[in-house]
Amino acid sequence: LKISQRAREKDLRNLASNLPYEGLEKGKQPNRYFPGNAIKTTKYTLLLFIPMNLFEQFHRLANIYFVGLAILNFVPVVNAFQPEVALIPICVILCLTALKDAWEDFRRYQSDRKLNNTPCLIYSRKEKQFVERRWKDVRVGDFVRVVCNEIVPADLLLLHTSDPSGVCHIETSNLDGETNLKLRRTMSGLCISHPVFEPESFNSVVVCEKPNNNLNHFKCYAEKPDKEKVGAGIESLLLRGCTVRNTDHAVGFVVYAGHETKSMLNNNGPRYKRSKLERKLNINVFFCVILLFTMCLIGALGHFLWLQALPVVPPFLVPDSNGHLDSPSLSGFYMFFTMIILLQVLIPISLYVSIELVKIGQIFFITNDIDLYDEDTDSRVQCKALNITEDLGQIEYIFSDKTGTLTENKMVFRRCSIMGTEYPHKENGKPLSSCYSTFHWVSHSCSSSSQKIDPYLDFFLALAICNTVVVSMATAQRQRVSPGSLHRIFTFWQRKPKRNRTISEDSVTEGDDFNPPVKTEEPGDINGLQTCSLYAPSQCNMPATTSDNLSYEAESPDEAALVYAAKAYGFTLLARTHDSVTVRLPSGEDLVFEVLDTLTFDPIRKRMSILVRHPITKKFVLYTKGADYAIMELLGTPYAGIQKNIAADTQHHLDCYAKEGLRTLCFTKKIVSDKMYESWLVNRRRALAAIDNREELVMDTAVQLETNLSLLGATGIEDRLQESVPDTIVALREAGIQVWVLTGDKPETAVNIGYACRLLEDEDLVINMSTVFQLTCTSILDCTLEEVRRYSEDPRNVDTTQDISLVIDGRTLTMALSSDLQDRFVDLAKRCRSVLCCRVTPLQKSRVVKVVREKLKVMTLAVGDGANDVNMIQAADIGIGISGQEGMQAVMASDFAISRFRHLKKLLLVHGHWCYTRLANMIIYFFYKNVAYVNLLFWYQFFCGFSGTAMIDYWLMIFFNLFFTSVPPIMFGIMDNDVSAEMLLGVPELYRMGQGCNSISCYIFTHLGLFWFSTFWVSMLDAFYQSLVCFFIPYLAYQDSDIDVFTFGTPLNTISLFTILLHLSIEIKAWTVIHWVIILGSVVLYFIVTLAYSGLCITCNPPSNPYWILQSQMADPMFYLICILTTVVALLPRYHKCYPPCPFNVPLSVLQSSFFMN
């Protein structure tokens, strides 16, 4: 099939059925240019593994550095050791890394093979039926049949289902983690062969967009032979990896296969972020390189001066074959490179591998912490970014969502306002006579099929049908835990007298739940329902208001709350298909509404609508629900008389709901005339069939219909705070972390929750910024900043902090983040203890995080639970997703995943502190260890004419760093606890030790971190001191003796091992059996290997001969005396006990308390 020029210009694809071409060669297939369905996620092949892996490893500059030195050692004029031996350390590192990569790639190969060979059903024209094939056999243009509970093998355009209404339910947990069922519909008007679908009758051309990774959008239309176009969107696409649920079978047309499917395009592999500590590490490596070059320059200069000072040519300087000796200057130049080879260990070759091992160990302890396990959801913390664990200990700003993050996101229906009259919910309250008579009239008008429709009836009908809640089949329900029984959620309403239209002063009790979780399996006993209809069933002998074994699947907890609230008063949602919805009224009568269209919710309109044909009046009725500010402006005008009063009273009730922290929604109704519907339908179909700007055109048709609405009422839904949220926020604030809350709720609701969670305190000076004018925003910022600065500059306010909190709405935030006001806003915000942003969009959330991060140069963390938090999570240094009620999009995009906000306290204050201090101390110890050991070789150069000679056998030098001293620091980085978990939780101020510098006195170290910077150089000075002691005490002891060079070097090697391991033992704060085993095991391993090497390797490294050296030394008492005395003198500074260095922002009293308690 030839692609038209127009299609190529629009980047479209024309797809035809493969059935007419079945059996033909590949060159005659219409879809031959599209890839197959087999996938390959492996990085390497068997033949090219070694070159490809080496190429990847050489992206690390450290590996290139050590390979370059090993190659340099092959140059005769500069070599320091036997060339082949010099390759051993880097080869070991490269081989270990290659083995790890090979194992990971082999596991990917096994996974690919299993997936590609999964069976599926593909229609065959020859067989006249669906035949079993493998996933790898699926091609674009095939017809695939998927049965219930089976995974979809490719992206399928849904053409037929076993459901007569053409509906298919899918679960997308493999893609986005969501377990709620989603509804997919067949393309209408394409396939009329019911109940059996005949793929051979499909003769349309499918035109779709090119593959992309957007899981929520899809543009497509099918062109029939008569040129009629039928549009389809994401609602008709079954994505690869989804699971078919509650549907016997479905048939689809393959539009994308293999690596072009949306799920594969979203498979970007593990996330990689560079931690702050890693960036500091590069700086310290740079310092070590400078130190290495300095020492090499000294060695080269010393060799030059030594040669020039010789009166005659000594016999050990052998000329070349021509009898020529290099000049002192040329010899000094060569010696520079020889010294680089000799002292190369100053740059720790195994540090990077050790860091990876330490982080794996830290992640193991984090994920297995029982305190971070949530029993209700059977989930524990997940670490998805493996290389930024230490950043958890350096957070300075936290940006949090509200709904589902600070709150449970388990909605409880509390209050409603119907036609301007408020109905507060009171536990165990009984309906007044006026309430009973009103609702009884509603039921009577409904049961008698009266043409007069009451607004109360419309309100509850809107609650029941204006949503996307799916009624699952009782025979195909999935098992799920339901933490509450239904009888707890049904209570009565109490109506306020009409003359007093204010919120009830009655308290709302906690045990008063009005809705269950998002999905609840109902028990057979429905006695609770019989007592909560609009009028008591005991007074009116009405039948039961619901059927057994109903199960609701809701994409939003708000929708579930509304459906269960309507059901509790007798308006029971019984069934929903793509073209009908059935509701049972309190009278027991079933109403079947014909669904003409559903205008789904989007973040721009902030509302959703459903257009139905009323079964009684046969009129077109549009029910709409949405945010109050998005609905009120759409009400019909002019709004006069009683209608105006209704709107004003409802708005008053909404404001009161918001002040109580309730989530608010408005409900409206509109009668659509036949003429208006027909005109609108033409535009709607044109928009649905469009390829270009389809989303905008579809939204425009929705906006076109959602005008001149009639207000029915409003609801108030409670979203309770999660457990221990106030304590967590207070602890984080005491730890020096500023907490910002970014929410889309109304300011009144957000402020109420802010006080409840102690983000805002009663003694706080709360600055409210809400304006529609840029000039006013500028004035507020300037005046507030001036006042805050005046307070801080007042000498009377030294050592005091003004408790300021900022509340700003989304409209004002947009102006504050403009280029000319951005700096002033950030300056004000950083002086506030907490910031609360209301009515913000997902893009504004990410914008705030980026601005604060870039302007203040601080470590940021973002935490959220929904798809609207993904941008914010990805913009922060660390993103944390909460596995809540809004699906798993936030978790899928995060670096860490937790199940409760309270887990953030221990994750940061304990594990964050431990990960940072452990890794920082281990890295510093690594530099100390290498500098202390290499300096022994450097001091020896002063006594050997700077000739690049080593007094320690090179094999033992290799073993020293690879085996004898490699495991203890790794254990130190994984298991050491400088402060107990109880102390870190009890004294949150200790967390500030890991945060950046804020003091003016250390401003120049802001990017390095004062604590890290000073500790690094103190450790370097300690390494120089210890190397001097370890070298010169044995030198003075053996001075004027006749011992050989290796007999002198063996005590130095032994002393260095003791000093380095005992130095680590002093640094360890919490000893365990593992510490003892590893420390003592390293010493025992040293003696075993060295004794064996001295006894067996006579000429392993010619011309040196280490035979029986250590055995002879161990027979000499002088050896033991030197080892003990030298080690004690070298470690004397470490014996001095004192308080740890006091960081600028941690009170000394806190550190002293911590020190003594530990």
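The name given to the protein chain in an unreviewed UniProt entry is Phospholipid-transporting ATPase, and the organism recorded there is Dicentrarchus labrax. Recorded in UniProt for the protein chain, the comment headed Cofactor (unreviewed entry) runs: "Mg(2+)". The UniProt entry for the protein chain carries this comment under Sequence similarities (unreviewed entry): "Belongs to the cation transport ATPase (P-type) (TC 3.A.3) family. Type IV subfamily."

Peer 1: How should I be thinking about the overall build of the protein chain in this particular structure?
Peer 2: Counting its regular elements, the protein chain contains 37 helices and 33 strands. When the 1158 residues of the protein chain are sorted by exposure, 55% land in the buried category. The contacts of the protein chain with a sequence gap of at least 6 include a subset with a gap of at least 24, amounting to 76%.

Peer 1: Looking at this model, I keep getting lost on the sheet that holds strand β11 (residues 237–238). Mind explaining?
Peer 2: The strands that make up a sheet pair up through hydrogen bonds in the backbone, lying either parallel or antiparallel. Sheet architecture is open: six strands sit in the order β3-β2-β4-β13-β5-β11, paired in antiparallel fashion. Each edge of the open sheet is held by one strand with a lone partner, namely β3 (129–134) and β11. Pairing of strand β2 (residues 119–124) with β3, which is carried by six bridges, proceeds in the antiparallel orientation. What sits directly across from S124, in β3, is Q129.

Peer 1: What's the story with the side chain of R605 in this structure? I'm lost.
Peer 2: Tracing the sequence through the fold places R605 in the loop between β22 (590–602) and β23 (607–613). There is a polar contact of 2.6 Å between the side chain of R605 and the backbone oxygen of T600. Polar side-chain contacts of R605 include one of 2.7 Å to the side chain of E706. With sequence-adjacent residues up to four places away left out, R605 is seen in contact with L599, T600, A630, M699, A702, V703 and E706.

Peer 1: Got a minute to help me understand the packing of aromatic side chains in this structure?
Peer 2: Working definition: an aromatic ring pair is given by the centre-to-centre distance plus the angle between the planes. By the definition in use, this model includes 56 aromatic pairs. With 6.2 Å between their ring centres and 55° between their planes, F460 and Y569 make a pair best called tilted. Taken together, the residues span a long stretch of sequence, with F460 in helix α12 (residues 455–465) and Y569 in the loop between α14 (557–568) and β20 (572–576) at a distance of 109 residues. In this structure F460 comes out as buried when scored by relative accessible area, which is 3%. For the pair F964 and Y1086, a centre-to-centre distance of 5.2 Å together with 85° between the ring planes defines the contact as edge-to-face. Placement of the pair is F964 in helix α28 (residues 954–964) and Y1086 in helix α33 (residues 1073–1096), with a sequence separation of 122 residues. Grouping residues by exposure puts F964 and Y1086 together as buried.

Peer 1: Just checking my understanding: could you explain the environment of L461 for this structure?
Peer 2: One can find L461 in helix α12. Each C-alpha atom, one on L461 and one on K567, is 10.0 Å from the other, the two residues being 106 residues apart in sequence. Setting aside residues up to four positions removed in sequence, L461 forms contacts with C466, F571, V583, L585, F593 and Y623.

Peer 1: I keep staring at helix α32 (residues 1045–1067) and nothing clicks. Help me out?
Peer 2: Residues that lie three or four places apart on an α-helix share one face, since the helix turns once every 3.6 residues. Taking 1.5 Å of rise per residue, the 23 residues of α32 would be expected to cover 33 Å, and the 33 Å separating its terminal C-alpha atoms lies within 8% of that figure. Burial within α32 is extensive, with 18 of its 23 residues counted as buried. One side-chain oxygen at the N-terminal end of α32 lies 3.0 Å from the backbone nitrogen of F1046; it belongs to D1044.

Peer 1: Honestly, empty space enclosed by the protein in this entry has me stumped. Any pointers?
Peer 2: Under the definition given, this model contains seven cavities of 30 Å³ or more. Taken as a whole, the largest cavity spans an internal volume of roughly 230 Å³. Lining the largest cavity we find 22 residues, and of these P89, Q344, V345, I349 and N961 sit closest to its centre. Mapped by element, the contributors of at least two residues to the lining of the largest cavity are α3 (61–72), α5 (88–116), α9 (328–342), α27 (903–941) and α28. For the lining of the largest cavity, the element with the highest residue contribution is α28, accounting for five residues. A breakdown of the residues in the lining of the largest cavity according to their chemical character gives 17 nonpolar, four polar and one charged.

Peer 1: Honestly, the side chain of T965 in this entry has me stumped. Any pointers?
Peer 2: For T965, the location among the structural elements is in the loop between α28 and α29 (967–975). Here the side chain of T965 touches F960 through a polar contact of 2.7 Å, landing on its backbone oxygen. Not counting chain neighbours up to four residues away, the residues in contact with T965 comprise K929, F960, L1057 and I1060.

Peer 1: It is not clear to me how the pairing of strand β10 (residues 229–232) should be interpreted in this structure. Could you clarify?
Peer 2: Regular strands have side chains that alternate between both faces of the sheet. Side chains V230 and A232 of β10 all project onto a buried face; the interleaved residues K229 and G231 project onto a face where none is buried. As paired strands, strand β9 (residues 220–223) and β10 are joined by four bridges and run antiparallel to one another. Among the inter-strand pairings, E223 is bridged to a residue of β10, identified as K229. Count of turn residues in the β9/β10 antiparallel hairpin: five residues, of which K227 carries a positive phi of about 70°.

Peer 1: What am I meant to see in the nonpolar core here?
Peer 2: Looking at soluble globular proteins, one finds that nonpolar side chains tend to be buried together. L343, L351, M922, I923, F927, M951 and M957 are the most contacted members of the largest nonpolar core, which has 92 residues in total. Broken down by element, the residue count for this core peaks at 18 residues, all from α27. Judged by nonpolar contacts, the second largest core, of 70 residues, contains Y456, L461, L562 and F667.

Peer 1: What am I meant to see in the sheet that holds strand β17 (residues 421–424) here?
Peer 2: Taken together, nine strands build an open sheet; the order of strands is β17-β16-β26-β25-β24-β23-β22-β21-β20 and the sheet is antiparallel. Sheet topology places β17 and β20 at the edges, where each strand pairs with a single neighbour. Averaged over all pairs of adjacent strands, the angle between strand axes in this sheet comes to 30°, irrespective of strand direction. By the bridge criterion, five bridges tie strand β21 (residues 580–584) to β22 in an arrangement that is antiparallel. Looking across to β22, one finds that S580 is bridged to E594. In the packing of helix α18 (residues 694–705) onto the sheet, the strands contacted are β22, β23, β24 (620–626) and β25 (662–672), and the crossing angle to β22 comes to about 125°.

Peer 1: Explanation requested: the pattern of salt bridges in the structure shown.
Peer 2: Pairing between side chains of opposite charge can happen when the charged atoms of each approach one another. Scanning the entire structure with this criterion turns up 43 salt bridges. When the shortest N-O distance is used, the salt bridge between D401 and K845 registers 3.2 Å. One end of the pair, D401, is in the loop between β15 (397–400) and β16 (407–418); the other, K845, is in helix α24 (residues 842–856), with 444 residues separating them in the sequence. On the basis of relative accessibility, which here comes to 4%, the residue D401 falls in the buried class. We note a salt bridge from D827 to R831, for which the minimum N-O separation is 3.2 Å. Judged by relative accessible area, D827 falls into the buried class, the value being 12%. Each of the salt bridges in this network shares a partner with another, and the network as a whole consists of K402, D558, R663 and D745.

Peer 1: Explanation requested: the environment of N930 in the structure shown.
Peer 2: Here N930 lies in helix α27. On the basis of relative accessible area, N930 is assigned to the buried category, the value being 3%. Residues N930 and I349, spaced 581 residues apart in sequence, show a C-alpha to C-alpha distance of 9.8 Å. Those residues in contact with N930 that sit more than four places away from it in its chain are V345, L346, I347, P348 and N961.

Peer 1: Which parts of the structure should I look at to understand the confidence of the model for the protein chain?
Peer 2: Keep in mind that low pLDDT regions are not for reading the predicted coordinates in detail. In the predicted model, the protein chain carries a mean pLDDT of 81, and the fraction of residues at 70 or more is 83%. Note on residues 1151–1158: pLDDT under 50 across the span, and 20 contacts to partners over four residues away in sequence or across chains.

Peer 1: Teacher, can you tell me more about unusual backbone geometry here?
Peer 2: A negative phi angle characterises most non-glycine residues, just as the trans form characterises most peptide bonds. With phi around 55°, K857 is a residue other than glycine that occupies positive phi space. Looking at where K857 falls in the secondary structure, it is placed in the loop between α24 and β31 (860–864). Residue class for K857 comes out exposed when judged on its relative accessible area of 55%. Positive phi is not limited to glycine here, since F946 has a value of about 50°.

Parameters at a glance
Residues numbered from 1 in each chain as written. Predicted model: local features only at pLDDT ≥ 70, side-chain atom pairs only at ≥ 80, totals over all residues. Heavy atoms only, no water. UniProt positions renumbered as here; feature names shortened; annotations may be inferred. Helix = DSSP H or I, 4+ residues; strand = E, 2+ residues; numbered from the N terminus. Buried < 20%, exposed > 50% of the residue type's maximum accessible area, 1.4 Å probe, protein only. Contact = heavy atoms within 4.5 Å. Pairing = 2+ DSSP bridges. Polar contact = N/O pair within 3.5 Å; in protein donor to acceptor, adjacent residues only side chain to side chain. Phe/Tyr/Trp six-rings, centres within 6.5 Å; stacked < 30°, edge-to-face > 60°. Expected span 1.5 Å × (residues − 1). 1 Å grid on protein atoms, 1.4 Å probe; cavity = no way out; pocket = protein on both sides within 12 Å on 5 of 7 lines; lining within 4 Å. Points joined across faces, edges and corners; volume = space filled by probe spheres on them. Nonpolar A, V, L, I, M, F, W, Y, C, P; charged D, E, K, R; others polar. Core = buried A, V, L, I, M, F, W, Y, C linked by side-chain atoms within 4.5 Å. Axes fitted to C-alpha atoms, helices over the stretch in contact; angles between N-to-C directions. Salt bridge = Lys/Arg side-chain N within 4 Å of Asp/Glu carboxyl O. pLDDT = per-residue confidence, 0-100.

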